[in-house]
Amino acid sequence: YVVGAAGGQKLAVSVSSDKVSLRLLEDAKVTEGINNFLAMLPKNGDYTIELENISDAVAEITVNIKIE
């Protein structure tokens, strides 16, 4: 997923399954949790969120993305 945001904003991302890993590809101060992360965004621009199925099965998930 690619989202646009401004520097100084917070990006919160969570997924509904522990069968999926997620990470932010751009540089930012990221605090990781279980099935989620919170990033403090340093600059204006696009940010890429990568999701990866880490199981051998098909994973049906819900992704929540919040920018404040």
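**Student:** Can you walk me through the overall build of the protein in this structure?
**Tutor:** Counting its secondary structure elements, the protein contains zero helices and seven strands. Counting from the amino terminus, the protein carries its helices and strands in the arrangement β-β-β-β-β-β-β. In terms of overall dimensions, the protein is globule-like: its C-alpha atoms have a radius of gyration of 12 Å, near the 11 Å expected for 68 residues. Dimensions of the protein along its principal axes, counting C-alpha atoms only, are 35 × 20 × 15 Å. Each of the 68 residues in the protein was classed as buried or not, and the buried ones make up 21%. Within the protein, contacts between residues at least 6 apart in sequence are counted, and of these 68% link residues at least 24 apart.

**Student:** Can you walk me through unusual backbone geometry in this structure?
**Tutor:** Working note: non-glycine residues mostly have negative phi, and peptide bonds are mostly trans. The backbone of Asn35 shows a phi angle near 65°, a positive value even though the residue is not glycine. Structurally, Asn35 can be placed in the loop between β4 (29-33) and β5 (36-40). Judged by relative accessible area, which is 22%, Asn35 ranks as partly exposed.

**Student:** Hey, could you run me through the environment of Tyr1 in this one?
**Tutor:** Examined against the element boundaries, Tyr1 turns out to sit in the segment before β1 (2-5). Here the alpha-carbon distance between Tyr1 and Ser21, two residues 20 residues apart in the chain, equals 13 Å. Not counting the four nearest positions on each side in its chain, Tyr1 is found in contact with Tyr47, Thr48, Ile49, Leu51, Val63 and Ile65.

**Student:** Please clarify how the sheet that holds strand β6 (residues 45-53) should be interpreted in this entry.
**Tutor:** Strand pairing in a sheet takes place through backbone hydrogen bonds and is either antiparallel or parallel in direction. The antiparallel open sheet is built from three strands, whose spatial order is β1-β6-β3. The open sheet has two free edges, formed respectively by β1 and β3 (20-24), since each of these has just one partner strand. Between one strand axis and the next, the sheet turns by 25° as a mean value, whatever way the strands run. Both β1 and β6 contribute to a ladder of four bridges, which runs antiparallel. Pairing of Val2 across the sheet is with Thr48, part of β6.

Conventions used here
- Residues numbered from 1 in each chain as written.
- Predicted model: local features only at pLDDT ≥ 70, side-chain atom pairs only at ≥ 80, totals over all residues.
- Heavy atoms only, no water.
- Helix = DSSP H or I, 4+ residues; strand = E, 2+ residues; numbered from the N terminus.
- Rg over C-alpha atoms; globule rule 2.2 N^0.38 Å.
- Buried < 20%, exposed > 50% of the residue type's maximum accessible area, 1.4 Å probe, protein only.
- Contact = heavy atoms within 4.5 Å.
- Pairing = 2+ DSSP bridges.
- Axes fitted to C-alpha atoms, helices over the stretch in contact; angles between N-to-C directions.

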